[in-house]
Amino acid sequence: MGRPLVAEIDLDALRHNYCLACDLAPTSQALAVIKADAYGHGAVACAHALSDLVPAFAVACIEEAEVLRQGSIDKPIVLLEGIFTPDELPRVEALGLWLAVHSDWQVDALLAYQPRSPVPVWIKVDSGMHRLGFPPKCLPDVWHRLQDAPDRVTDLHLMSHFATADLLDDGYFHHQMGLLEALATELDAPTCLANSPATLAWPRAHGAWNRPGVMLYGSDPLEGANDASRKLKPVMTLRSEIIAVRDIEAGEPVGYGGRWIAPRCSRIGVVAAGYGDGYDRHALDGTPVLVDGQRTSLAGKVSMDMLTVDLTDLPQAGIGSRVVLWGQDPDGAILSIDEVARHCDTISYTLLTGVLPRVPRRYRRDKASGEA
Ligand SMILES: *Cc1c(COP(=O)(O)O)cnc(C)c1O
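All figures in this text were calculated on a predicted structure; none of them were measured in a lab. (Residues numbered from 1 in each chain as written. Predicted model: local features only at pLDDT ≥ 70, side-chain atom pairs only at ≥ 80, totals over all residues. Heavy atoms only, no water.)

(A) Spatial organisation of the overall build of the protein. When helices and strands are tallied, the protein shows 11 helices and 20 strands. Computed over its C-alpha atoms, the radius of gyration of the protein comes to 23 Å, within 12% of the 21 Å expected for a compact globule of 372 residues. The dimensions of the protein, computed from C-alpha atoms along their principal axes, are 75 × 45 × 40 Å. Considering the protein as a whole, with its 372 residues, one finds that 55% of them fall into the buried category. (Helix = DSSP H or I, 4+ residues; strand = E, 2+ residues; numbered from the N terminus. Rg over C-alpha atoms; globule rule 2.2 N^0.38 Å. Buried < 20%, exposed > 50% of the residue type's maximum accessible area, 1.4 Å probe, protein only.)

As C-alpha coordinates, this is what we get:
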(Lines give C-alpha, C1' and ligand atoms only; values in the text may rest on other atoms or scores of the structure.)
Protein backbone atom coordinates (compact mmCIF):
# COMPACT_ATOMS: atom_id res chain seq x y z
CA MET A 1 0.00 0.00 0.00
CA GLY A 2 2.85 2.42 0.72
CA ARG A 3 2.54 5.87 2.27
CA PRO A 4 -1.06 6.33 3.37
CA LEU A 5 -1.51 10.00 2.43
CA VAL A 6 -4.06 10.64 -0.36
CA ALA A 7 -6.30 13.48 -1.50
CA GLU A 8 -9.60 11.79 -2.19
CA ILE A 9 -11.82 13.74 -4.59
CA ASP A 10 -15.57 13.14 -4.34
CA LEU A 11 -16.86 13.92 -7.83
CA ASP A 12 -20.50 13.44 -6.74
CA ALA A 13 -20.01 16.23 -4.19
CA LEU A 14 -18.52 18.41 -6.93
CA ARG A 15 -21.62 17.82 -9.06
CA HIS A 16 -23.89 18.50 -6.07
CA ASN A 17 -22.18 21.84 -5.39
CA TYR A 18 -22.35 22.85 -9.04
CA CYS A 19 -26.07 22.02 -9.12
CA LEU A 20 -26.54 24.10 -5.96
CA ALA A 21 -24.94 27.09 -7.74
CA CYS A 22 -27.43 26.58 -10.58
CA ASP A 23 -30.44 26.16 -8.28
CA LEU A 24 -29.59 29.39 -6.46
CA ALA A 25 -29.61 31.34 -9.72
CA PRO A 26 -32.26 29.74 -11.92
CA THR A 27 -32.13 32.43 -14.62
CA SER A 28 -28.31 32.43 -14.91
CA GLN A 29 -25.88 30.04 -16.51
CA ALA A 30 -22.96 29.02 -14.33
CA LEU A 31 -19.39 28.85 -15.55
CA ALA A 32 -17.43 26.28 -13.60
CA VAL A 33 -14.19 27.99 -12.56
CA ILE A 34 -11.46 25.33 -12.73
CA LYS A 35 -8.33 27.48 -12.79
CA ALA A 36 -5.26 26.47 -10.76
CA ASP A 37 -5.86 22.81 -11.63
CA ALA A 38 -9.44 23.08 -10.36
CA TYR A 39 -8.24 24.60 -7.08
CA GLY A 40 -5.89 21.65 -6.64
CA HIS A 41 -8.50 18.97 -7.42
CA GLY A 42 -7.32 18.11 -10.94
CA ALA A 43 -8.79 20.18 -13.78
CA VAL A 44 -9.27 17.47 -16.39
CA ALA A 45 -10.91 15.00 -14.00
CA CYS A 46 -13.19 17.69 -12.57
CA ALA A 47 -14.10 19.00 -16.03
CA HIS A 48 -15.03 15.50 -17.19
CA ALA A 49 -17.12 14.95 -14.06
CA LEU A 50 -19.03 18.19 -14.74
CA SER A 51 -19.11 18.20 -18.52
CA ASP A 52 -22.69 16.99 -18.97
CA LEU A 53 -23.92 19.76 -16.61
CA VAL A 54 -21.73 22.74 -17.47
CA PRO A 55 -22.18 25.05 -20.49
CA ALA A 56 -18.65 26.53 -20.20
CA PHE A 57 -15.52 26.44 -18.03
CA ALA A 58 -13.22 29.23 -16.88
CA VAL A 59 -9.44 29.27 -16.37
CA ALA A 60 -6.77 31.89 -15.80
CA CYS A 61 -4.55 31.41 -18.83
CA ILE A 62 -4.19 29.73 -22.19
CA GLU A 63 -1.87 27.03 -20.83
CA GLU A 64 -4.66 25.88 -18.50
CA ALA A 65 -7.09 25.85 -21.43
CA GLU A 66 -4.63 23.77 -23.49
CA VAL A 67 -4.48 21.16 -20.74
CA LEU A 68 -8.27 20.87 -20.88
CA ARG A 69 -8.34 20.59 -24.68
CA GLN A 70 -5.62 17.92 -24.53
CA GLY A 71 -7.83 16.16 -22.00
CA SER A 72 -10.68 16.10 -24.56
CA ILE A 73 -12.77 18.84 -22.97
CA ASP A 74 -14.58 20.47 -25.87
CA LYS A 75 -16.91 22.88 -24.05
CA PRO A 76 -16.26 26.64 -24.34
CA ILE A 77 -13.54 27.91 -22.00
CA VAL A 78 -13.27 31.52 -20.82
CA LEU A 79 -9.85 33.05 -20.19
CA LEU A 80 -10.65 35.15 -17.11
CA GLU A 81 -7.69 37.49 -17.63
CA GLY A 82 -7.78 37.31 -21.41
CA ILE A 83 -4.54 37.21 -23.37
CA PHE A 84 -1.20 38.17 -21.82
CA THR A 85 0.48 38.89 -25.18
CA PRO A 86 -1.04 39.55 -28.64
CA ASP A 87 0.65 36.50 -30.14
CA GLU A 88 -1.74 34.29 -28.13
CA LEU A 89 -4.66 35.23 -30.39
CA PRO A 90 -4.10 32.52 -33.03
CA ARG A 91 -4.06 29.92 -30.23
CA VAL A 92 -7.21 31.43 -28.71
CA GLU A 93 -8.88 30.99 -32.07
CA ALA A 94 -7.53 27.48 -32.65
CA LEU A 95 -8.67 26.35 -29.19
CA GLY A 96 -12.08 28.02 -29.49
CA LEU A 97 -11.73 30.11 -26.33
CA TRP A 98 -13.77 33.04 -25.04
CA LEU A 99 -11.87 36.10 -23.88
CA ALA A 100 -12.08 38.57 -21.05
CA VAL A 101 -10.74 41.96 -22.12
CA HIS A 102 -9.56 44.32 -19.39
CA SER A 103 -7.03 46.70 -20.99
CA ASP A 104 -6.73 48.98 -24.00
CA TRP A 105 -3.84 47.03 -25.47
CA GLN A 106 -6.04 43.90 -25.54
CA VAL A 107 -8.74 45.81 -27.43
CA ASP A 108 -6.15 47.06 -29.92
CA ALA A 109 -4.76 43.54 -30.38
CA LEU A 110 -8.24 42.10 -30.96
CA LEU A 111 -9.15 44.79 -33.48
CA ALA A 112 -5.87 44.23 -35.33
CA TYR A 113 -6.45 40.48 -35.63
CA GLN A 114 -8.76 38.89 -38.17
CA PRO A 115 -10.12 35.57 -36.90
CA ARG A 116 -12.00 33.22 -39.19
CA SER A 117 -15.01 33.55 -36.95
CA PRO A 118 -15.58 36.25 -34.32
CA VAL A 119 -14.37 35.63 -30.76
CA PRO A 120 -16.85 35.86 -27.83
CA VAL A 121 -15.66 38.67 -25.58
CA TRP A 122 -16.41 39.64 -21.98
CA ILE A 123 -15.45 43.23 -21.25
CA LYS A 124 -14.23 43.73 -17.72
CA VAL A 125 -15.05 46.88 -15.82
CA ASP A 126 -13.37 47.91 -12.59
CA SER A 127 -16.36 48.63 -10.40
CA GLY A 128 -14.31 48.89 -7.21
CA MET A 129 -11.96 45.93 -6.83
CA HIS A 130 -9.23 48.11 -8.41
CA ARG A 131 -7.35 45.18 -9.85
CA LEU A 132 -8.32 44.50 -13.50
CA GLY A 133 -10.78 46.26 -15.78
CA PHE A 134 -11.65 49.52 -17.49
CA PRO A 135 -12.76 52.48 -15.38
CA PRO A 136 -16.57 52.77 -15.60
CA LYS A 137 -16.38 56.07 -17.47
CA CYS A 138 -14.29 54.48 -20.26
CA LEU A 139 -16.50 51.43 -20.59
CA PRO A 140 -19.08 52.77 -23.09
CA ASP A 141 -16.33 53.76 -25.52
CA VAL A 142 -14.63 50.34 -25.29
CA TRP A 143 -17.97 48.60 -25.62
CA HIS A 144 -18.85 50.49 -28.79
CA ARG A 145 -15.42 50.01 -30.37
CA LEU A 146 -15.77 46.26 -29.98
CA GLN A 147 -19.44 46.21 -30.90
CA ASP A 148 -18.52 47.95 -34.15
CA ALA A 149 -16.25 45.05 -35.15
CA PRO A 150 -18.71 42.16 -35.54
CA ASP A 151 -16.31 40.32 -37.86
CA ARG A 152 -13.80 40.11 -34.99
CA VAL A 153 -15.76 39.93 -31.75
CA THR A 154 -19.19 38.69 -30.80
CA ASP A 155 -21.44 37.98 -27.86
CA LEU A 156 -20.27 40.92 -25.73
CA HIS A 157 -20.87 40.64 -21.99
CA LEU A 158 -20.16 43.01 -19.14
CA MET A 159 -17.92 41.40 -16.53
CA SER A 160 -16.78 42.63 -13.12
CA HIS A 161 -15.45 41.25 -9.85
CA PHE A 162 -16.52 41.97 -6.26
CA ALA A 163 -14.09 42.90 -3.51
CA THR A 164 -16.37 42.20 -0.53
CA ALA A 165 -19.24 39.89 -1.54
CA ASP A 166 -18.17 37.53 1.27
CA LEU A 167 -18.53 40.09 4.07
CA LEU A 168 -21.53 40.61 6.32
CA ASP A 169 -21.06 44.38 5.93
CA ASP A 170 -22.58 44.75 2.46
CA GLY A 171 -22.16 48.49 1.88
CA TYR A 172 -19.33 48.24 -0.65
CA PHE A 173 -20.94 45.34 -2.46
CA HIS A 174 -24.07 47.42 -3.07
CA HIS A 175 -21.90 50.36 -4.15
CA GLN A 176 -20.30 48.15 -6.83
CA MET A 177 -23.71 46.77 -7.83
CA GLY A 178 -25.13 50.26 -8.27
CA LEU A 179 -22.37 51.18 -10.75
CA LEU A 180 -22.77 47.90 -12.61
CA GLU A 181 -26.54 48.10 -12.91
CA ALA A 182 -26.29 51.61 -14.33
CA LEU A 183 -23.73 50.49 -16.93
CA ALA A 184 -25.62 47.34 -17.86
CA THR A 185 -28.78 49.36 -18.41
CA GLU A 186 -27.01 52.07 -20.42
CA LEU A 187 -25.36 49.51 -22.73
CA ASP A 188 -28.17 46.95 -22.64
CA ALA A 189 -25.43 44.49 -21.71
CA PRO A 190 -25.79 40.94 -20.39
CA THR A 191 -23.64 40.56 -17.27
CA CYS A 192 -21.27 38.11 -15.60
CA LEU A 193 -20.54 39.36 -12.10
CA ALA A 194 -21.03 36.80 -9.35
CA ASN A 195 -18.18 34.81 -7.81
CA SER A 196 -18.97 32.13 -5.20
CA PRO A 197 -19.98 34.43 -2.34
CA ALA A 198 -22.23 36.51 -4.60
CA THR A 199 -23.74 33.35 -6.07
CA LEU A 200 -24.49 32.11 -2.53
CA ALA A 201 -25.61 35.34 -0.90
CA TRP A 202 -26.53 38.05 -3.43
CA PRO A 203 -29.26 37.32 -5.99
CA ARG A 204 -28.94 40.97 -7.01
CA ALA A 205 -25.61 40.07 -8.60
CA HIS A 206 -26.85 37.07 -10.58
CA GLY A 207 -26.51 37.81 -14.29
CA ALA A 208 -26.69 36.05 -17.62
CA TRP A 209 -23.70 34.12 -16.28
CA ASN A 210 -22.20 33.58 -12.82
CA ARG A 211 -18.66 32.42 -12.03
CA PRO A 212 -18.66 30.15 -8.98
CA GLY A 213 -15.24 28.81 -8.06
CA VAL A 214 -14.38 27.76 -4.53
CA MET A 215 -17.98 26.82 -3.64
CA LEU A 216 -17.82 24.05 -6.26
CA TYR A 217 -15.17 22.43 -4.09
CA GLY A 218 -17.34 22.66 -1.00
CA SER A 219 -15.70 25.54 0.83
CA ASP A 220 -17.97 28.22 2.26
CA PRO A 221 -16.49 31.63 1.38
CA LEU A 222 -19.04 33.64 3.40
CA GLU A 223 -18.06 35.44 6.55
CA GLY A 224 -21.34 34.18 7.99
CA ALA A 225 -22.73 30.89 6.62
CA ASN A 226 -26.26 31.03 5.18
CA ASP A 227 -28.89 28.40 4.35
CA ALA A 228 -27.42 27.94 0.88
CA SER A 229 -23.78 27.64 1.94
CA ARG A 230 -24.71 25.07 4.60
CA LYS A 231 -25.72 22.75 1.74
CA LEU A 232 -22.20 22.61 0.31
CA LYS A 233 -20.42 19.26 0.51
CA PRO A 234 -16.65 18.90 0.85
CA VAL A 235 -15.03 17.57 -2.32
CA MET A 236 -11.44 16.96 -1.21
CA THR A 237 -10.63 14.78 1.78
CA LEU A 238 -6.97 14.87 2.72
CA ARG A 239 -6.57 11.56 4.50
CA SER A 240 -3.68 9.69 6.06
CA GLU A 241 -2.97 7.38 8.97
CA ILE A 242 -1.21 7.28 12.31
CA ILE A 243 2.21 5.71 11.63
CA ALA A 244 3.67 5.81 15.16
CA VAL A 245 2.58 6.48 18.74
CA ARG A 246 4.56 7.51 21.81
CA ASP A 247 3.79 8.23 25.43
CA ILE A 248 5.44 11.25 26.97
CA GLU A 249 5.59 12.75 30.44
CA ALA A 250 4.00 16.04 31.42
CA GLY A 251 6.37 18.89 30.57
CA GLU A 252 8.02 17.11 27.61
CA PRO A 253 8.15 19.04 24.31
CA VAL A 254 7.04 17.66 20.93
CA GLY A 255 8.56 18.47 17.54
CA TYR A 256 10.78 21.26 16.20
CA GLY A 257 11.48 24.04 18.62
CA GLY A 258 9.51 22.28 21.33
CA ARG A 259 6.55 24.55 20.64
CA TRP A 260 4.02 22.17 22.18
CA ILE A 261 4.72 21.05 25.73
CA ALA A 262 2.65 18.24 27.19
CA PRO A 263 0.38 19.69 29.90
CA ARG A 264 -0.10 16.17 31.34
CA CYS A 265 1.05 12.62 30.58
CA SER A 266 0.21 12.46 26.86
CA ARG A 267 -0.07 10.05 23.95
CA ILE A 268 1.23 11.53 20.73
CA GLY A 269 0.30 10.16 17.31
CA VAL A 270 2.53 10.75 14.29
CA VAL A 271 0.64 11.33 11.02
CA ALA A 272 2.09 10.83 7.55
CA ALA A 273 1.46 14.34 6.16
CA GLY A 274 3.52 17.50 6.33
CA TYR A 275 4.29 20.81 4.66
CA GLY A 276 6.12 18.89 1.93
CA ASP A 277 2.65 17.68 0.96
CA GLY A 278 1.05 21.10 1.25
CA TYR A 279 -0.29 20.89 4.80
CA ASP A 280 0.27 24.43 6.04
CA ARG A 281 3.26 24.86 8.34
CA HIS A 282 1.48 27.86 9.88
CA ALA A 283 -1.02 25.51 11.52
CA LEU A 284 -1.18 26.33 15.22
CA ASP A 285 -1.31 23.88 18.11
CA GLY A 286 -5.01 23.11 18.49
CA THR A 287 -5.72 22.94 14.74
CA PRO A 288 -8.47 20.30 14.48
CA VAL A 289 -7.74 16.84 13.02
CA LEU A 290 -10.05 13.81 12.84
CA VAL A 291 -8.68 10.49 14.08
CA ASP A 292 -11.03 7.54 13.50
CA GLY A 293 -13.75 10.16 13.02
CA GLN A 294 -13.11 11.82 16.42
CA ARG A 295 -11.88 15.37 16.74
CA THR A 296 -8.48 15.96 18.22
CA SER A 297 -5.80 18.51 17.54
CA LEU A 298 -2.35 19.27 16.23
CA ALA A 299 0.36 19.18 18.89
CA GLY A 300 3.68 20.63 17.75
CA LYS A 301 5.02 22.25 14.61
CA VAL A 302 4.27 20.62 11.26
CA SER A 303 7.35 18.88 9.77
CA MET A 304 8.02 18.28 6.09
CA ASP A 305 6.69 14.71 5.96
CA MET A 306 4.91 14.31 9.30
CA LEU A 307 2.80 16.06 11.86
CA THR A 308 1.86 15.17 15.42
CA VAL A 309 -1.52 15.01 17.11
CA ASP A 310 -2.68 14.60 20.70
CA LEU A 311 -4.24 11.15 21.19
CA THR A 312 -4.44 11.34 24.97
CA ASP A 313 -8.24 11.40 24.98
CA LEU A 314 -8.54 8.79 22.21
CA PRO A 315 -7.17 5.67 23.96
CA GLN A 316 -8.50 3.34 21.25
CA ALA A 317 -6.54 5.16 18.52
CA GLY A 318 -3.20 3.73 17.47
CA ILE A 319 -1.00 2.82 14.55
CA GLY A 320 -3.15 2.52 11.43
CA SER A 321 -5.95 4.74 12.75
CA ARG A 322 -7.66 6.81 10.07
CA VAL A 323 -6.72 10.49 9.94
CA VAL A 324 -8.65 13.23 8.13
CA LEU A 325 -6.81 16.55 7.87
CA TRP A 326 -9.84 18.12 6.14
CA GLY A 327 -12.90 16.71 4.45
CA GLN A 328 -15.11 13.80 5.42
CA ASP A 329 -14.35 10.64 7.39
CA PRO A 330 -15.96 7.39 6.15
CA ASP A 331 -18.12 7.38 9.32
CA GLY A 332 -19.62 10.70 8.20
CA ALA A 333 -17.80 13.18 10.47
CA ILE A 334 -16.82 16.34 8.59
CA LEU A 335 -13.84 18.57 9.26
CA SER A 336 -14.38 21.78 7.32
CA ILE A 337 -11.38 23.08 5.42
CA ASP A 338 -12.54 26.58 6.31
CA GLU A 339 -12.10 25.78 9.99
CA VAL A 340 -8.62 24.35 9.39
CA ALA A 341 -7.73 27.44 7.34
CA ARG A 342 -8.70 29.75 10.22
CA HIS A 343 -6.21 27.93 12.45
CA CYS A 344 -3.53 28.52 9.81
CA ASP A 345 -4.41 32.22 9.45
CA THR A 346 -5.29 31.63 5.82
CA ILE A 347 -8.23 30.71 3.56
CA SER A 348 -9.34 27.43 2.04
CA TYR A 349 -8.15 28.60 -1.39
CA THR A 350 -4.48 28.48 -0.35
CA LEU A 351 -4.82 25.09 1.36
CA LEU A 352 -6.57 23.52 -1.65
CA THR A 353 -4.26 24.98 -4.29
CA GLY A 354 -1.30 24.16 -2.05
CA VAL A 355 -1.70 20.37 -2.03
CA LEU A 356 1.49 19.30 -3.77
CA PRO A 357 1.95 16.82 -6.63
CA ARG A 358 3.43 14.16 -4.39
CA VAL A 359 -0.01 13.64 -2.84
CA PRO A 360 -1.87 11.21 -5.09
CA ARG A 361 -5.38 12.28 -6.07
CA ARG A 362 -7.89 9.46 -5.88
CA TYR A 363 -11.22 10.06 -7.60
CA ARG A 364 -14.54 8.68 -6.37
CA ARG A 365 -17.78 8.72 -8.27
CA ASP A 366 -20.44 6.45 -6.78
CA LYS A 367 -23.65 7.62 -8.30
CA ALA A 368 -24.30 6.77 -11.91
CA SER A 369 -25.41 9.99 -13.51
CA GLY A 370 -26.24 9.70 -17.14
CA GLU A 371 -23.51 9.87 -19.74
CA ALA A 372 -19.94 10.24 -18.56
C1 LIG B 1 -11.15 32.90 -9.42
C2 LIG B 1 -12.18 33.80 -9.98
C3 LIG B 1 -13.53 33.56 -9.73
C4 LIG B 1 -14.03 32.50 -8.76
O5 LIG B 1 -13.91 33.04 -7.47
P6 LIG B 1 -14.42 32.19 -6.18
O7 LIG B 1 -14.25 33.13 -5.05
O8 LIG B 1 -13.51 31.01 -6.09
O9 LIG B 1 -15.80 31.82 -6.48
C10 LIG B 1 -14.46 34.36 -10.35
N11 LIG B 1 -14.07 35.36 -11.18
C12 LIG B 1 -12.78 35.62 -11.44
C13 LIG B 1 -12.43 36.74 -12.36
C14 LIG B 1 -11.79 34.87 -10.84
O15 LIG B 1 -10.51 35.14 -11.10
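(B) Quick peek at the nonpolar core. Membership of the largest hydrophobic core comes to 115 residues, with the highest contact counts inside it found for Val121 and Trp326. Taken domain by domain, this core gets at least three of its residues from each of domain 1 (12–216) and domain 2 (236–364). Of all hydrophobic cores here, the second largest spans six residues; its members include Ile248, Trp260, Ala262 and Ala299. (Core = buried A, V, L, I, M, F, W, Y, C linked by side-chain atoms within 4.5 Å. Domains from an automatic or database assignment.)

(C) Geometry of the pattern of salt bridges. The tally for this structure, following the rule as stated, stands at 18 salt bridges. Here glutamate 339 makes a salt bridge to arginine 295, at a shortest N to O gap of 2.4 Å. Of this pair, glutamate 339 sits in helix α10 (residues 337–343) while arginine 295 sits in strand β16 (residues 294–297), and the two are 44 residues apart along the sequence. The salt bridge involving arginine 364 is made with aspartate 366; its shortest N-O contact spans 3.1 Å. Residue class for arginine 364 comes out partly exposed when judged on its relative accessible area of 33%. (Salt bridge = Lys/Arg side-chain N within 4 Å of Asp/Glu carboxyl O.)

(D) Representation of the site of the ligand in the model. In the vicinity of the ligand, the residues found are Lys35, Tyr39, Leu80, Lys124, His161, Asn195, Ser196, Arg211, Pro212, Gly213, Val214 and Tyr349. Between the ligand and tyrosine 39 there is a distance of 2.6 Å, counted from an oxygen atom to a side-chain nitrogen or oxygen. Valine 214 is positioned with one of its backbone polar atoms (N or O) 2.8 Å from an oxygen atom of the ligand. Contact with the protein chains removes 93% of the 390 Å² of surface that the ligand exposes when unbound. (Near = heavy atom within 4 Å. Polar contact = N/O pair within 3.5 Å; in protein donor to acceptor, adjacent residues only side chain to side chain. Areas by Shrake-Rupley, 256 points an atom, 1.4 Å probe, with all protein chains shown as cover.)

(E) Inspection of the UniProt feature "modified residue: N6-(pyridoxal phosphate)lysine" (unreviewed entry) in the protein at higher detail. If you check UniProt for "modified residue: N6-(pyridoxal phosphate)lysine" (unreviewed entry), the listed places come out as Lys35 in our numbering. Topologically, lysine 35 is positioned in helix α2 (residues 35–40). Setting aside its immediate chain neighbours within four residues, lysine 35 contacts Ala58, Val59, Ala60, Glu64 and Leu80. (UniProt positions renumbered as here; feature names shortened; annotations may be inferred. Contact = heavy atoms within 4.5 Å.)

(F) Layout of the UniProt feature "binding site: substrate" (unreviewed entry) in the protein. The feature "binding site: substrate" (unreviewed entry), as annotated in UniProt, sits at Arg131 and Met304 in this numbering. In terms of the greatest pairwise C-alpha distance, the residues named above, spread along 174 residues, do not form a single cluster, extending to 34.8 Å across. In this structure, arginine 131 sits in the loop between β7 (119–124) and α7 (139–147). Setting aside chain neighbours within four positions, we find arginine 131 in contact with Lys124, Asp126 and His161. Mapped onto the fold, methionine 304 is located in the loop between β16 and β17 (307–310).

(G) Spatial organisation of helix α8 (residues 171–187). When the terminal C-alpha atoms of α8 are compared, their 25 Å separation across 17 residues agrees well with the 24 Å that a helix rising 1.5 Å per residue should span. The set of residues buried in α8 consists of Phe173, Gln176, Met177, Leu180, Leu183, Ala184 and Leu187. For α8, the angular spread of buried residues about the axis comes to 130 degrees, placing them on one side. Summarising the geometry of α8, the exposed residues directed more than 90 degrees from the buried face are Thr185 and Glu186. Once α8 finishes, aspartate 188 follows within two positions and takes phi at roughly 55 degrees, a positive value. (Expected span 1.5 Å × (residues − 1). Arc of directions from axis to C-beta.)

(H) Region of the structure containing helix α3 (residues 43–50). Among the residues making up α3, those that are buried are Ala43, Cys46, Ala47, Ala49 and Leu50. Each buried residue of α3 sits inside an arc of 160 degrees when the element is viewed along its axis, so together they form one side. Looking at the buried positions of α3, the neighbouring elements they touch are α1 (11–24), β3 (32–33), α2, β4 (57–59) and α4 (62–70).

(I) Examining the packing of aromatic side chains more closely. Using the criterion set out here, one finds eight aromatic pairs in the structure. For the ring pair tryptophan 98 and tryptophan 122, a centre distance of 6.1 Å and an interplane angle of 50 degrees mean the geometry is tilted. Taken together, the residues tryptophan 98 in strand β6 (residues 97–101) and tryptophan 122 in strand β7 connect sequence positions 24 residues apart. Summarising the burial analysis for this pair, tryptophan 98 and tryptophan 122 share the class buried. With a centroid separation of 6.2 Å and 15 degrees between ring planes, the pair formed by tyrosine 279 and tryptophan 326 is classed as stacked. Remark: tryptophan 326 occurs in strand β18 (residues 322–328) and tyrosine 279 occurs in the loop between β14 (266–271) and β15 (288–291); sequence separation between them is 47 residues. Given a relative accessible area of 2%, tyrosine 279 falls into the buried group. The structure contains a cluster of three or more aromatic residues connected by ring pairs, namely Tyr39, Tyr217 and Tyr349. (Phe/Tyr/Trp six-rings, centres within 6.5 Å; stacked < 30°, edge-to-face > 60°.)

(J) Structural view of the packing of α1 against α3. Contact pair α1 / α3: the axes reach a minimum separation of 10 Å and the direction vectors enclose 60 degrees. Here α1 is positioned oblique relative to α3, judged by the angle of their axes. The hand of the α1/α3 crossing is right-handed. Contacts between α1 and α3 involve Leu11, Leu14, Arg15 and Tyr18 on the former and, on the latter, Ala45, Cys46, Ala49 and Leu50. (Axes fitted to C-alpha atoms, helices over the stretch in contact; angles between N-to-C directions. Parallel < 35°, antiparallel > 145°, perpendicular 65-115°, else oblique. Left-handed = near helix turned anticlockwise from the far one by under 90°.)

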